[in-house]
Amino acid sequence: MFRTALRNVLAHKARLLMTVLAVMLGVAFVSGTLVFTNTISDAYQKSSAKGFDQVDVAVRPEYQDSHGDQVGRTPELTRALLDQAARVPGAASATGVVTGFTAVADKNGKLVGGDWQSAGGNYWGTEDPRYPLVSGHAPHGKDEVLIDSATAKRAGYRVGDTVRLSVDGPVLTPTVSGIFTTDDGNVAAGGSLTLFDTATAQALFGKKGTYDEIDVRAAAGTSQTALKAELDKALPAKLVETTTGKRLADDQAKAISASMSSLKQGLLVFAGIALFVGTFIIANTFTMLVAQRTRELALLRAVGASRRQVTRSVLIEAFAVGAVAGVAGLAAGVGIGAGLRSLLGSFGASMPDGPLVISPGTVVTALAVGVLITMLAAWLPGRRAAKIPPVAAMSSVHAKATAKSLVLRNTLGSLFAAAGVAVVLAGTRMDADSGQGAMGVGAVLLIIGVFILTPLLSRPLIAAAAPVLRAFGVSGKLARQNSVRNPRRTAATASALMIGLTLITGMTVMAGSLQTSIDKMASAAIRADYVVSMANRGPLSPGVEKKLASADGVTASSPLRNGESRIDGETEFLTGVDGAAIGKLTDLKVTDGSFTVGGTRVVVDEDRAKDFGWKAGSRFTAHFEDGKAQRLTVAGVYEGNDMLNGILLDNKVLTPHLSDPADMQVMVKTADGADGAAKDRLEKALGSNPAIKVQDKQDISDEIAQTFTLMLNMVYGLLGMAVIVAVLGVVNTLAMSVFERAQEIGMLRAIGLDRRAVKRMVRLESLVISLFGGVLGIGLGVFFGWAAGELLGTKMPTYELVLPYGRMTVFLLLAGVVGVLAALWPARRAARLNMLTAIKAE
Amino acid sequence: MTTTPTAGRTTAVAARATELSKIYGQGETRVVALDRVSVDFQAAEFTAIMGPSGSGKSTLMHCVAGLDTFSSGSVRIGETELGSLKDKQLTKLRRDKIGFIFQAFNLLPTLTALENITLPMDIAGRKPDKAWLDRVIEMVGLSGRLGHRPSQLSGGQQQRVAVARALASRPEIIFGDEPTGNLDSRSGAEVLGFLRNSVRELGQTVVMVTHDPVAAAYADRVIFLADGRIVDEMYGPTADSVLDLMKRFDAKGRTS
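Keep in mind it's a predicted model, so treat the numbers as computed, not measured. (Residues numbered from 1 in each chain as written. Chains lettered and ligands numbered in written order. Predicted model: local features only at pLDDT ≥ 70, side-chain atom pairs only at ≥ 80, totals over all residues.)

1. A closer look at the overall build of chain A
- Helix and strand counts for chain A come out as 26 helices and 25 strands.
- Along the three orthogonal principal directions, the C-alpha set of chain A runs to about 100 × 70 × 50 Å.
- Within chain A, the fraction of its 842 residues that count as buried is 48%.
- Put simply, 83% of the contacts in chain A that link residues at least 6 apart link residues at least 24 apart. (Helix = DSSP H or I, 4+ residues; strand = E, 2+ residues; numbered from the N terminus. Buried ≥ 20, exposed ≤ 12 C-beta atoms within 10 Å, placed from the backbone. Contact = placed C-beta atoms within 7 Å.)

Listed below in structure tokens is the structure:
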């Protein structure tokens, strides 16, 4: 039996090719994901472990929770504390660490690191073991800095050059006093690191005389835990917490592997989709192979093979196919893993180096996935093969594909689909959290229902295409009839394509709708021409607003200043604005009272009003972070959004209570409105600062759009694999059909159908199947997109469904292109068939 | 051979092979399937080609019908020389001038009987001649079954559809490759009767390959092939005379 099965595999090499390819792609996706994530996870962990070489015990401030009317605060790590730590028995030295955001511009004024990866720090003393110098000397005073070697290389800076930097607004132009190397993970990942001398760093980062962390080195012979114990004894436990270097490295490693594993899981979901699509092809192939071999299998039964043996022979075949595809997929996956890393590298996303990690787990998973998926998908065809009666061996004609009635199937499918639609619809009426679950269940039910129903749906939908096909004469007519000839096969083939397109369309509808609503939210309430913020959305120094306010052509400006307070025993964030200007800069809908900010009069958003039971005229007391209290009056209630929400009060009231005022954004209105010249003037006023973004409404929209485009493109790329597998499925089905219908095609050629018409016939059949899958997929995708939107809409007042007709047309065309491409090879084969052998074939 | 009603038929020879050779392979594996065969197929005549397996009878038919290429010599259908034609022109020639009846019926299962019959015209993009079509359909006795699909028809009925398909487009010549090979004797006799009637009544030209002396007896003329050559021919054959001749060849073949 085993030998028969293997012979069959070898005999049907060509026919199994597409199946092998389909499984291989899925396995390659899985193993590529595993190799890639394992490799970079390993590299990151190694590089981050090195980063803690210089730390035996880290001392960090213990955050004090807010209580009563007291705003929580972070205790300061002072010089005194550092000296105390350095004097502890077993301590060799103590280093004060100061960190913050520092943007570095290259020689063209462009940011070198990414928005989020531009870091700054302090160089401790004259020789900091954390940062070995390659050239130059330690920075001294506020006019000298060190930059990391990678950044220096990228931006072309050398010792002695002047660099443009920004920490929280103003542009600094210090000299590069030296260049250092570092194992810092952020730098390894493509960011920049700029070091100042400690006093400068403290001043720039707003931490005068204090440190973010104190790193203590142990003297020779003292263990990390012993040192930690000593420090715990000596330092005030309430204010600081101590952690050993080993623990820090372990925690970081854990964090890295956690983030990698979520990346891995995300990728594996898409790999799973590709594999799922692959199962349709496998099942189709084996169904066709079994049908073609009916007589052979019946003969086996006639000479005494049991049903189980017949099933097993099909499964052994599947095993062989799966094993071959698994091995090939694993090899391809290793290639993908390696290629992906260098590809990302070439895009500028540098990653720490490390060896390619191919763990035994990866190998086992890849092979197991390949074999199991194939055998699972071949299970049903195998069962069907076993049901072939021995007498079928005697009948002279091919046993027809069992034209078993579709009644049971259609009933079942309708039930599933109806239940699915009902649950999804019910889900749209639930609140966001419980609705999500319902929607997921409903979506799965509906998709299963549609799978089961596709054979039924194929007839009317393909009949709808008949008028178009008629234009292609007899080729079109034959193509249409061929495509509904075996509804199950057509359905399985189209379903494979449907899955990919459902997801792609659903994502596109959702992303498009979300983008529009976020866009609306961001711009609708803003009357300002420009919004100025830090590249990393970090705090801006109040100086920025002052500069903007005095710039040419600025008619109104207001910062959005951060403040924390306690109100009725709860922590509440306040936003300080320029009371006189805010009305001109925003266009918030007022639902109660009036939009007046000034003195003790504040405005609050609806959520706050509801939580605290406020309305226009209510009074409340806010306790600021310096401990002082202030009585405030609610002048009005407005409709908040993502950008502006909470309690807005005048800076004249808020700022005196802040030790270190910082703005999240500055809104600016100019006399000329939003035009290029005004923007240039504002940028100049800020000293052409690489760290600060001046954006008009269009820029903000573009930025939002960019985020969504990036996300969508990634999803498209990942789902592309599922579509490619589906294309293989169409090729597979067509090739099989051409093979099965060789005799017919031979006859058609003999009675005068020329090669072109034969090709056209196959191509049109392919087109019909692909477009059928496309229409189903796009339809389902729109439905899911709509349903998910209904759910999201409950959370977003500006949500509205946006149907991307352009994109949908593109997807449909894509399905058509898939059809034409998939038909290339089968159509050629059909046209090249030798008429004489084809006619005689029996 | 009463009338020649089809317009444009200017010669009495519907198809002609001259010095036709077909050679497979080279050197040691060289096989001569047809060895300089010259034969005329008269218009409005029913010709049967006979011979033992491997004699080249099917090859001769395939070459003359434009289904297969030949190594040397020439083939004419009407006034057209096949040797110089490209695949596209050959296809058009088959479509417009030749009808085929195959052993395995070769109907399209997705089409109804009527659609199968008009298929060659559909391919050519021509409207069938209604009166002619009705006459053909009536002749083969399919009037009540035009809406049926091949799977709903018996073997004999299916082959009658195939005969009607070959006749419907009024080709200059119809080739049959063992048209009764898959039929029981009664259905076979029916089909042969139709073919003979089409020659007698419609003036059709029919060439049929067969190994069955009874089938050959329906023809006006039988030509015998052996080893790629025409070895004999007979006019007005009967089953017995054909069988006698075949026995003689058989004996010769065994003694040589």
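2. A few points about the nonpolar core
- In this structure, Ala 274, Ala 722 and Val 725 of chain A together with Val 163, Ala 164 and Leu 195 of chain B are the most contacted members of the largest nonpolar core, which totals 210 residues.
- For this core, the element with the most residues is helix 24 (residues 755-793) of chain A, which contributes 19 residues.
- When residues are assigned to domains, this core turns out to be shared by domain 1 (1-49 + 246-402) and domain 3 (458-525 + 698-842) of chain A, each giving three or more.
- Counting 105 residues, the second largest nonpolar core, distinct from the first, contains Ala 188, Leu 227, Ala 635 and Val 637 of chain A. (Core = buried A, V, L, I, M, F, W, Y, C linked by C-beta atoms within 7 Å. Domains from an automatic or database assignment.)

3. Some thoughts on the environment of Val 597 of chain A
All names here are of chain A.
- Residue position: Val 597 is located in the loop between strand 19 (590-593) and strand 20 (601-605).
- When the C-alpha atoms of Val 597 and Gly 579 are compared, they prove to be 4.6 Å apart, with 18 residues separating the residues in sequence.
- Sequence-distant contacts of Val 597, that is, excluding residues within four places in its chain, are made with Val 577, Gly 579, Ile 582, Val 602, Val 603, Leu 648, Leu 649 and Asp 650.

4. Here we look at the packing of helix 2 (residues 13-51) of chain A against helix 22 (residues 697-740) of chain A
Residues and elements named next belong to chain A.
- Between helix 2 and helix 22, the shortest axis-to-axis distance is 8 Å and the interhelical angle comes to 170 degrees. For the element pair helix 2 / helix 22, the angle class is roughly antiparallel. Contacts between helix 2 and helix 22 involve Arg 15, Met 18, Thr 19, Leu 21, Ala 22, Leu 25, Gly 26 and Phe 29 from the first element and Met 721, Ile 724, Val 725, Leu 728, Gly 729, Val 731, Asn 732, Ala 735, Met 736 and Phe 739 from the second.
- In the contact of helix 2 with helix 22, the residues fall into 13 nonpolar, four polar and one charged. (Axes fitted to C-alpha atoms, helices over the stretch in contact; angles between N-to-C directions. Parallel < 35°, antiparallel > 145°, perpendicular 65-115°, else oblique. Nonpolar A, V, L, I, M, F, W, Y, C, P; charged D, E, K, R; others polar.)

5. Brief notes about the interface of chain A and chain B
- Residue-level contacts link 18 residues of chain A with 21 residues of chain B.
- Those elements that place two or more of their residues in the side of chain A that touches chain B are helix 15 (473-483), helix 23 (742-750) and helix 26 (835-840) of chain A.
- Split by residue class, the side of chain A that touches chain B holds eight nonpolar, five polar and five charged.

6. Thoughts on the sheet that holds strand 9 (residues 165-166) of chain A
All names here are of chain A.
- Strands sit in the order 5-9-10 across an open sheet of three strands; the sheet is antiparallel. Both outer strands of the open sheet, strand 5 (103-104) and strand 10 (171-172), are each paired with one neighbouring strand and no more.
- Across two bridges, strand 5 lies against strand 9 in antiparallel orientation. The partner of Ala 103 across the bridge, within strand 9, is Ser 166. (Pairing = 2+ DSSP bridges.)

7. Quick notes on the confidence of the model for chain B
- Across chain B, the average pLDDT comes to 86, with 94% of residues at 70 or higher.
- If you check the scores for this complex, the pTM reads 0.79 and the ipTM reads 0.84. (pLDDT = per-residue confidence, 0-100.)

8. A word on the domain arrangement of chain A
- Taken domain by domain, chain A consists of domain 1 (1-49 + 246-402), domain 2 (57-245), domain 3 (458-525 + 698-842) and domain 4 (537-690).
- Centre-to-centre, using C-alpha coordinates, domain 1 of chain A lies 58 Å away from domain 4 of chain A.

9. Examining the sheet that holds strand 2 (residues 31-42) of chain B
- The antiparallel open sheet is built from four strands, whose spatial order is 2-1-4-5 (chain B). Looking at the sheet topology across the chains shown, the edges are occupied by strand 2 and strand 5 (80-81) of chain B.

10. Comments concerning the pairing of strand 12 (residues 192-197) of chain A
Residue and element names in this part refer to chain A.
- When you tally the buried positions in strand 12, you get six out of six residues, the bulk of the element.
- Along strand 12, one buried face is formed by Ser 192, Thr 194 and Phe 196 and the opposite face, lined by Leu 193, Leu 195 and Asp 197, is buried too.
- Across six bridges, strand 6 (residues 118-123) lies against strand 12 in parallel orientation. Pairing of Tyr 123 across the sheet is with Asp 197, part of strand 12.
- Sheet topology places strand 8 (residues 144-148) next to strand 12; two bridges connect them, and they run antiparallel. Bridge pairing in strand 12 places Leu 146 opposite Leu 195.

11. A closer look at the environment of Thr 162 of chain A
Residue and element names in this part refer to chain A.
- As for its placement among the helices and strands, Thr 162 is situated in the loop between helix 4 (149-155) and strand 9.
- Of the residues examined, Thr 162 has 10 C-beta atoms within 10 Å and is grouped as exposed.
- Sequence separation between Thr 162 and Val 145 is 17 residues, and the spatial gap between their C-alpha atoms is 9.5 Å.
- Discounting chain neighbours no more than four positions away, the residues touching Thr 162 are Thr 173 and Thr 175.

12. A closer look at the packing of helix 16 (residues 487-524) of chain A against helix 22 of chain A
Residues and elements named next belong to chain A.
- At a minimum axis distance of 9 Å, the contact between helix 16 and helix 22 shows a crossing angle of 180 degrees. When the axis of helix 16 is compared with that of helix 22, the two are roughly antiparallel.
- When the residues that make up the contact of helix 16 with helix 22 are grouped by side-chain class, the tally is 22 nonpolar, eight polar and three charged.

13. Thoughts on the pairing of strand 2 of chain B
Residues and elements named next belong to chain B.
- The pairing of strand 1 (residues 13-24) with strand 2 spans eight bridges and is classified as antiparallel. Bridging from a neighbouring strand, Ile 23 pairs with Val 32 of strand 2.
- Counting the residues in the hairpin turn of strand 1 and strand 2 gives six residues, including Gly 25, whose phi is positive at 70 degrees.

14. Remarks on the confidence of the model for chain A
- Per-residue confidence for chain A gives a mean pLDDT of 85; residues scoring 70 or more make up 96%.
- Note that residues 396-402 of chain A has pLDDT below 50 and, in this model, five contacts with residues that lie over four places away or in other chains.

15. A closer look at the environment of Thr 243 of chain A
Residue and element names in this part refer to chain A.
- Among the secondary structure elements, Thr 243 is positioned in strand 15 (residues 240-244).
- Overall, Thr 243 belongs to the partly exposed group, with 17 C-beta atoms counted inside 10 Å.
- Spatially, the C-alpha atoms of Thr 243 and Ile 499 are 50 Å apart, while their sequence positions differ by 256 residues.
- In contact with Thr 243, not counting residues within four places along its chain, are Val 57, Ala 58 and Leu 248.

16. Let's talk about unusual backbone geometry
All names here are of chain B.
- Unlike most non-glycine residues, Glu 19 shows phi in positive territory, near 50 degrees.
- Judged by the 12 C-beta atoms lying within 10 Å of it, Glu 19 is exposed.
- We note that Glu 178 has phi near 50 degrees; this positive angle belongs to a residue other than glycine.
- Within the secondary structure, Glu 178 is located in the loop between strand 7 (173-177) and helix 7 (185-202).
- Take Glu 178: there are 20 C-beta atoms within 10 Å of it, and that puts it in the buried class.

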